[in-house]
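Structural features, examined
The chain contents come next:
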Amino acid sequence: MAHMSYIEIESLIGPLVLGATEKGLCQIEFGRFADVAPKLQKWSERWFQTREWRVDMPMLKETSDQLKQYFAGDRTQFELQLDLRGTSFQLKVWQALSRIPYGIVCSYKDIGKAVDSVKAVRAVGGANNRNPIPIIVPCHRVIGANGTLVGYGGGLDVKTCLLQHEGYKIENKEALRREPDEVRTR
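Residues numbered from 1 in each chain as written. Predicted model: local features only at pLDDT ≥ 70, side-chain atom pairs only at ≥ 80, totals over all residues. Heavy atoms only, no water.

- Going by the annotation in an unreviewed UniProt entry, the name recorded for the chain is Methylated-DNA--protein-cysteine methyltransferase, with Paenibacillus foliorum given as the source organism.
- What the UniProt record of the chain gives under Subcellular location (unreviewed entry) is the line "Cytoplasm". (UniProt positions renumbered as here; feature names shortened; annotations may be inferred.)

Here it is in structure tokens:
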């Protein structure tokens, strides 16, 4: 691969860097490109054997449009081509995360059950943390088993903002919780 494509957009939660290959969206990073470029270059070198990133609005226009619709409250599901790269376990976890409905939360244990690794809560948390496409692959919808909002790559304030944007009532953490079978990957 010669280079990665990217654009920056403004959002409800601040600036975002969107990254893609010719196959699809592969990265969303919180912040400005100038600030996250070293992290993105290291990541793309590992998974795509290139450190070169170029601005390419046409490549990422649909992603940008769908994210703007999401933040405007006009979209609850994304219909985008993705180019996810990770370990086989990470890919299973990200697939399970993608099945969590808009405005609903579940626990790391629930995701563990969904990927047939009920005792691998820490591994699920690690895979959740390495999700390269937050928001689209909604890792913000995973909370602690006791209903607390735990860790998020963009910070707990961003996680709180995203959940509230989706109508989740933070003061009533269990109100929208679903059972694990509803996020099954099979």
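**Focus: the nonpolar core**
- Among the nonpolar cores identified, the biggest contains 37 residues, and Leu16, Leu18, Leu67, Leu97, Ile111 and Ile135 are the most heavily contacted of them.
- For this core, the secondary structure elements donating two or more residues are strand E1 (4-9), strand E2 (16-21), strand E3 (24-30), helix H2 (57-71), helix H3 (88-98), helix H4 (108-114), helix H5 (121-129) and helix H6 (156-165).
- Discounting chain neighbours no more than four positions away, the residues touching Ile135 are Ile13, Leu16, Leu67, Tyr70, Phe71, Phe78, His140, Tyr152 and Leu162.
- Grouped together as the second largest cluster of nonpolar side chains are 12 residues, Met4, Val17, Val36 and Trp43 included. (Core = buried A, V, L, I, M, F, W, Y, C linked by side-chain atoms within 4.5 Å. Buried < 20%, exposed > 50% of the residue type's maximum accessible area, 1.4 Å probe, protein only. Helix = DSSP H or I, 4+ residues; strand = E, 2+ residues; numbered from the N terminus. Contact = heavy atoms within 4.5 Å.)

**What to know about the pattern of salt bridges**
- Per the counting criterion, the structure on display carries 8 salt bridges.
- Put simply, Arg32 and Glu10 hold a salt bridge, and the shortest N to O gap is 2.6 Å. With Arg32 in the loop between E3 and helix H1 (33-48) and Glu10 in the loop between E1 and E2, the pair connects residues that are 22 residues apart, well separated along the chain.
- Linking Glu166 and Arg141 is a salt bridge whose minimum nitrogen-to-oxygen distance equals 2.8 Å. Taken together, the positions of Glu166 in the segment after H6 and Arg141 in the loop between H5 and strand E6 (142-143) put the pair 25 residues apart, joining distant regions of the chain. (Salt bridge = Lys/Arg side-chain N within 4 Å of Asp/Glu carboxyl O.)

**Some thoughts on the environment of Gln41**
- Looking at the secondary structure, you find Gln41 in helix H1.
- Here the alpha-carbon distance between Gln41 and Ile133, two residues 92 residues apart in the chain, equals 16 Å.

**Looking at the layout of surface pockets**
- By volume, the largest pocket is sized at about 640 Å³.
- In this structure, the largest pocket is lined by 28 residues; those nearest its centre are Lys39, Asn129, Arg130, Asn131 and Pro132.
- Of all the elements in the fold, those that place two or more residues in the lining of the largest pocket are E3, H1, H3 and H5.
- Sorting elements by how many residues they give to the lining of the largest pocket places H1 first, with 6 residues.
- Looking at the lining of the largest pocket residue by residue, the classes come out as 11 nonpolar, 10 polar and 7 charged.
- Of the voids in this model, the second largest pocket is the one considered here, and its volume is about 270 Å³.
- Forming the boundary of the second largest pocket are 14 residues, of which Gln77, Phe78, Ser98, Ile136 and Pro138 lie nearest the centre.
- For the lining of the second largest pocket, the class distribution of residues is 9 nonpolar, 3 polar and 2 charged. (1 Å grid on protein atoms, 1.4 Å probe; cavity = no way out; pocket = protein on both sides within 12 Å on 5 of 7 lines; lining within 4 Å. Points joined across faces, edges and corners; volume = space filled by probe spheres on them. Nonpolar A, V, L, I, M, F, W, Y, C, P; charged D, E, K, R; others polar.)

**Let's talk about the packing of aromatic side chains**
- Counted by the stated rule, this structure contains 8 aromatic pairs.
- Here the aromatic rings of Tyr6 and Phe33 are separated by 3.8 Å at their centres, their planes lie at 10°, and the arrangement is stacked. A residue pair is termed long-range when its members are at least 10 positions apart, and Tyr6 in strand E1 and Phe33 in helix H1 qualify at 27 residues.
- Judged by its relative accessible area of 12%, Tyr6 falls in the buried class.
- What makes Phe33 buried here is its relative accessible area of 12%.
- Note on Tyr70 and Tyr102: the rings are 6.2 Å apart at their centroids and 85° apart in plane angle, and the pair reads as edge-to-face. Of this pair, Tyr70 sits in helix H2 while Tyr102 sits in the loop between H3 and strand E5 (106-107), placing them 32 residues apart in sequence.
- Through pairs of rings, three or more aromatic residues link up here, namely Tyr70, Phe71, Phe78 and Tyr102. (Phe/Tyr/Trp six-rings, centres within 6.5 Å; stacked < 30°, edge-to-face > 60°.)

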